[in-house]
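Architecture and fold: a report
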Amino acid sequence: MKYRFILFLSLITSQAFSQTGSLIFFGSGKGMTITAGGIFHAGGMSIIPTEDFTLSNTSLARVPASTAKLSNQISRVYQFTNITSAFTGILKTEYSDSELNGLSEQDLQLFVFNPNSWYRQLTQIDATNNSLSSSISNLSLGEITAAVFMPNLILTASSIAENSSLGSKVIDLIGTDENVIGEQFTYSLVSGTGSTDNASFKITGSELQTNTALDFETKKSYLVRLRVTDAYGRFDEKSLSISITDVNEMPSAMAITKSNLYESNTINQVVGALSTTDQDAGDSHTYSLVSGTGSTDNAAFNVSGNQIRASQVFSFATKSSYSIRVRTTDKGGLSFEKVYTVSISQLPTLTGTGNEYGTKLQAVASATPKISKGLTSKLNVSGTEMASYSWSPSVSLSSTNTYNPIAKPSQTQSYSVTVTNVYGSSTTLSITVEVMEDWNIIPNNILTPNGDGENDKWVVDNLSSYPNNQVMIFDRSSRAIYRKTGYANDWDGYINGSPLPADTYYYILTLDSSGKKVSKKGFITIVY
């Protein structure tokens, strides 16, 4: 089936056309063929043809079939203009079914225009299946706006570095009309799908610019919705994802776990561990001592990894405060510096109480306490700004976390205590409690077995330290009335279930320790 369109238009021209490169101009010469995709220019207006056609001073005719590139209501668009003189041209073209590209007869349209007027030629039903007449109508501006040359917004992949200043360009916005050259466009941010982050950006001219501070660590991507609008109010909208790229940022702060050390330290003993605050997650840092304000005592210290260490042995009495300047540098070379004051703490002292040999008389507390076997020593740590204590071994100690535990070793014993001060610095002190094998027992010489709870039993103080013992008790006539091996302070003045009469009695107490024996003698007075 073929469709015939005949359109008579009064067009303004007096010359044929010539071609220079891809531009088509009016000029003297013969008619020629215009190729689709070239730029056809006449009378100050330009258009890119959607298909090939021929031009001469008498006709405008389509050459081959091609797919229309505008809406499905538009199959062909031609422009033919000149402002100098007029002539009558004849537009005549025939279409076969294969050239309709899926369009129905009723939908096939032909648009022809000059700078002032648009014309549309519509197909009519081909009842005879032979030829077709056509009608011509002048299009209104509203019809043109609705049907012809919709703009297109071209967006490119976009990203911008964090910390870019406000008003930094993200991308240039580009609008096009596929067939019209030199179209003027305006751009705007609009609400709709993908407009989540519109407020963070702005448009200046044809540039999309930042309108807020961008921080990669806070937000890594933004979504905006953009619109391009042509001079007739036609528009196209698209959403755009904007990636924020990470840039190296300077460290913002530095901290140290502690800046204190006990005197009498060891060389390379750790003063404190450094750490850095940096907005760049996962960044690594190196540390160094640097010259500058506050670096007076840098030489007294050194840095290993992230640790500040002592390069000398400090004495509180000589100097108790040192100033150092430390730099932290990230892997990108940016740095931050800070001055620290390192304080030196005086060592605490550790002493223990003891007793005089063979007696319960307490000796002056000292660093070398001595106690009789079975007696105790009160250990004591004294100093300033102490916070916690940890003693070892725990055997025979009343407590392991106080400054003054009671020690009751059965033999000479050394103890260590780690003292931690309020700054977090620790030092360890040691003391040895010497246990004397001085057979220091104290027998009681009064027995009142009347059941009142006082002196009801004959008690020998500290006898539990000598469990291998033997006791013998005699009356005035030297007759043995009581004998026991392994005495445990349990005789109540009774013999064979009967109380002894009030009188003075005599004892011999033999002590055996490590194969060595010692005898103690004395008297016991029974009173009722």
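Here goes a summary of the coordinates provided. Bear in mind that the values here come from a model prediction, so they are computed numbers and not experimental data.

1. Comments concerning the overall build of the chain
Assigned secondary structure in the chain consists of 1 helix and 47 strands. The 528 residues of the chain split such that 41% are buried. Sequence-distant contacts, at least 24 apart, represent 59% of the contacts inside the chain between residues at least 6 apart. Carbon together with sulfur atoms contributes 50% to the accessible area of the chain, which is approximately 26200 Å² in total.

2. Observations regarding the packing of aromatic side chains
Tallied over the entire structure, the rule returns 9 aromatic pairs. Their ring planes at 25 degrees and their centres at 5.3 Å tell us that Phe301 and Phe314 sit as a pair that is stacked. In this pair, Phe301 is assigned in strand E27 (residues 301-304) and Phe314 in the loop between strand E28 (307-310) and strand E29 (321-330), connecting sequence segments 13 residues apart. Each member of the pair, Phe301 as well as Phe314, is classed as buried. Put simply, the rings of Phe301, Phe314 and Tyr322 pair up and form one aromatic cluster. The ring of Tyr222 carries the charged tip of Lys219 above its face, separated from the ring centre by 5.1 Å. A cation over an aromatic ring shows up here: Lys373 above the ring of Tyr466, its NZ or CZ 5.2 Å from the ring centre.

3. Section: the pairing of strand E19 (residues 201-204)
In the sheet, E19 pairs with strand E20 (residues 207-210) via 4 bridges, with the strands oriented antiparallel. Along E20, the bridge assignment pairs Phe201 with Thr210.

4. A short note on the sheet that holds E27
Pairing is antiparallel across the open sheet formed by 4 strands, whose spatial order is E23-E25-E28-E27. The open sheet has two free edges, formed respectively by strand E23 (253-256) and E27, since each of these has just one partner strand. This sheet shows a mean twist of 30 degrees between the axes of neighbouring strands, independent of strand direction.

5. Quick word on the sheet that holds E29
The strand order E24-E30-E29-E26 describes an open sheet built from 4 strands, whose pairing is mixed. A single partner strand is all that each edge strand has here, and the edge strands are strand E24 (260-262) and strand E26 (285-289). Between one strand and the next, the sheet's axes are offset by a mean angle of 30 degrees, whatever the strand orientation. Where E26 meets E29, 5 bridges bridge the pair, whose relative direction is antiparallel. Bridge pairing links His285 to Asp330 in E29.

6. So, the pattern of salt bridges
If you walk through the whole model with that rule in mind, you get 14 salt bridges. Here Asp172 makes a salt bridge to Lys169, at a shortest N to O gap of 3.2 Å. In this structure Lys169 comes out as partly exposed when scored by relative accessible area, which is 42%. Arg227 is the salt-bridge partner of Glu237, the closest N and O atoms lying 2.3 Å from each other. Linking Glu237 in strand E22 (residues 235-245) with Arg227 in strand E21 (residues 221-230), this pair joins segments that are 10 residues apart in sequence. A relative accessible area of 24% places Arg227 in the partly exposed class. One network of salt bridges, in which partners are shared, links Arg225, Arg227 and Glu237.

7. A closer look at the side chain of Ser399
Within the element layout of this structure, Ser399 appears in the loop between strand E35 (386-392) and strand E36 (406-407). Exposure remark for Ser399: the relative accessible area of 18% places this residue in the buried category. Looking at Ser399, its side chain comes within polar contact range of the side chain of Asn401, at 3.0 Å. The contacts of Ser399, once residues within four sequence positions are left out, are Trp391 and Pro405.

8. As for the nonpolar core
Of all hydrophobic cores here, the largest spans 20 residues; its most connected members are Trp458, Ile473, Tyr487, Trp491 and Leu509. Every element with two or more residues in this core is listed here: strand E42 (469-474), strand E43 (480-485), strand E46 (503-513) and strand E47 (516-526). At 4 residues, E46 tops the list of elements feeding residues into this core. If we ignore the near neighbours within four places in the chain, the residues touching Tyr487 are Trp458, Val460, Leu463, Asn469, Val471 and Tyr482.

9. Things to note about the pairing of E28
Burial along E28 is one-sided: the residues Ile308 and Ala310 are buried and none of Gln307 and Arg309 is. Sheet topology places strand E25 (residues 270-277) next to E28; 3 bridges connect them, and they run antiparallel. Residue pairing across strands places Gly272 opposite Ile308, the latter belonging to E28. Sheet analysis places E27 next to E28, joined by 4 bridges and oriented antiparallel. Residue Asn302 lies in a different strand from E28, and its bridge partner there is Arg309. If you look at the hairpin formed by E27 and E28, you'll find 2 residues sitting between the two strands, and Gly305 has a positive phi there, around 65 degrees.

Parameters and conventions
- Residues numbered from 1 in each chain as written.
- Predicted model: local features only at pLDDT ≥ 70, side-chain atom pairs only at ≥ 80, totals over all residues.
- Heavy atoms only, no water.
- Helix = DSSP H or I, 4+ residues; strand = E, 2+ residues; numbered from the N terminus.
- Buried < 20%, exposed > 50% of the residue type's maximum accessible area, 1.4 Å probe, protein only.
- Contact = heavy atoms within 4.5 Å.
- Areas by Shrake-Rupley, 256 points an atom, 1.4 Å probe, with all protein chains shown as cover.
- Phe/Tyr/Trp six-rings, centres within 6.5 Å; stacked < 30°, edge-to-face > 60°.
- Lys NZ or Arg CZ within 6 Å of the ring centre and 35° of its normal.
- Pairing = 2+ DSSP bridges.
- Axes fitted to C-alpha atoms, helices over the stretch in contact; angles between N-to-C directions.
- Salt bridge = Lys/Arg side-chain N within 4 Å of Asp/Glu carboxyl O.
- Polar contact = N/O pair within 3.5 Å; in protein donor to acceptor, adjacent residues only side chain to side chain.
- Core = buried A, V, L, I, M, F, W, Y, C linked by side-chain atoms within 4.5 Å.

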